Amino acid sequence: MVQVFRTVSGFRAACENARTAGLGFVPTMGALHDGHLALVTEARRHAPTVAASIFVNPTQFGVNEDLARYPRDLEGDLEKLQKAGADLLFAPAVEEMYPEGEQTRVSVSRVAAPLCGSFRPGHFEGVATVVTKLFAITGACTAVFGRKDYQQLAVIKRLTIDLRLPINVVGFPTVRDLDGLAKSSRNFYLSPSERAQALAIPAALAEAQDTFSNGDRDAAAIANRARKRIEALTDRIDYVEVVDADSLEPVVGNKIDHRALLAIACHVGKTRLIDNVVLGEDARVVLGEKA
Ligand code: PAF
């Protein structure tokens, strides 16, 4: 049975007990899908006890974003965690994570600034703050995050190093549906026709992977081709960029000679979707018949 904790003190004590043998941790906002469950399995490879958290963190949503309608299904999530073999679940209320009179935020600068950082002001500050709080509660552990949220993972790695936190941060490859779309809780919002439109994203990533493996190293050309493909099918593009995969800064001189990331954020109807590949490094995106 997954043991459920609502309070910081209860969860902290359970983590403390588990730590000697080793603790794995999977922070989530719930609405769990197979991508999250793969993170639980990965955490289990690192530690005999696996804790998950479900907390829809209000500080990482902008005023016009989907905080109110973000999918919530604690009972369904608990069942999934049970099947995936998680041991502990922390599901606090907002006041437990943000106590009366709270005034503290964690802010990461350079790596949080480009890409989603410039389209979602305050987002990464909210993520960095809540993840730091969660790490302060779990203590030393191996924490596993999906690489679909590539910039989020970079921000979390940075803050863990900078704040000297005793956390081993592990990034896990993006899990995709059979049609190629990256698994995301926000896919629940898509109508069937929107979902068909969204397949332009994995198709653009796959094309970029192919041209890169055929020798193309022109960052702007790769990004432009991907943008064209996405423009034709999605409703609004936030960004389609090829950037340095470590710093997330623009590729110097436009010629890729270091790890490079193709990152995409766009809107299909009211749903904002993100996806990425590290060119030459990530497995080729497999597309279904409709893409
Ligand atoms: O990726 C998420 O689900 C969230 O951003 C996280 C890391 C749990 C912080 O709220």
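Just so it is clear, the model here is predicted, and its values are computed rather than measured.

S.K.: Give a detailed account of unusual backbone geometry, specifying residues and quantitative values.
M.R.: At Arg 164, a residue that is not glycine, the phi angle is positive and equals roughly 55°. Its relative accessible area of 68% is what places Arg 164 among the exposed residues.

S.K.: With reference to specific residues and values, describe the packing of aromatic side chains.
M.R.: Working definition: an aromatic ring pair is given by the centre-to-centre distance plus the angle between the planes. Summed over all chains, the structure comprises seven aromatic pairs. Between the aromatic rings of Phe 11 and Phe 25, the centroid separation amounts to 6.3 Å while the plane-to-plane angle is 45°, which identifies the pairing as tilted. One end of the pair, Phe 11, is in helix 1 (residues 8-19); the other, Phe 25, is in strand 2 (residues 23-28), with 14 residues separating them in the sequence. For the pair shown, Phe 11 and Phe 25 are each scored as buried. Relative to Phe 90, the ring of Phe 11 lies with its centre 4.6 Å away and its plane at 5°, an arrangement referred to as stacked. With Phe 11 in helix 1 and Phe 90 in strand 4 (residues 88-90), this pair connects stretches of sequence that are 79 residues apart. The pair formed by Phe 11 and Phe 90 is uniform in burial state, with each residue classed as buried. Chaining the aromatic ring pairs together yields one cluster made of Phe 5, Phe 11, Phe 25 and Phe 90. Over the ring of Tyr 189 we find Arg 69, and its NZ or CZ is 3.9 Å from the ring centre.

S.K.: I'd like a description of the layout of surface pockets, backed by residues and values.
M.R.: Over the atoms a probe the size of a water molecule is rolled, and this reveals where empty space is left. Roughly 400 Å³ of volume is contained in the second largest pocket. In terms of lining, the second largest pocket is formed by 19 residues, of which the most central are Val 111, Ala 154, Ala 245, Asp 246 and Ser 247. The greatest single-element share of the lining of the second largest pocket, amounting to seven residues, is contributed by helix 7 (residues 150-162).

Reading the values: rules and limits
- Residues numbered from 1 in each chain as written.
- Predicted model: local features only at pLDDT ≥ 70, side-chain atom pairs only at ≥ 80, totals over all residues.
- Heavy atoms only, no water.
- Buried < 20%, exposed > 50% of the residue type's maximum accessible area, 1.4 Å probe, protein only.
- Phe/Tyr/Trp six-rings, centres within 6.5 Å; stacked < 30°, edge-to-face > 60°.
- Helix = DSSP H or I, 4+ residues; strand = E, 2+ residues; numbered from the N terminus.
- Lys NZ or Arg CZ within 6 Å of the ring centre and 35° of its normal.
- 1 Å grid on protein atoms, 1.4 Å probe; cavity = no way out; pocket = protein on both sides within 12 Å on 5 of 7 lines; lining within 4 Å.
- Points joined across faces, edges and corners; volume = space filled by probe spheres on them.

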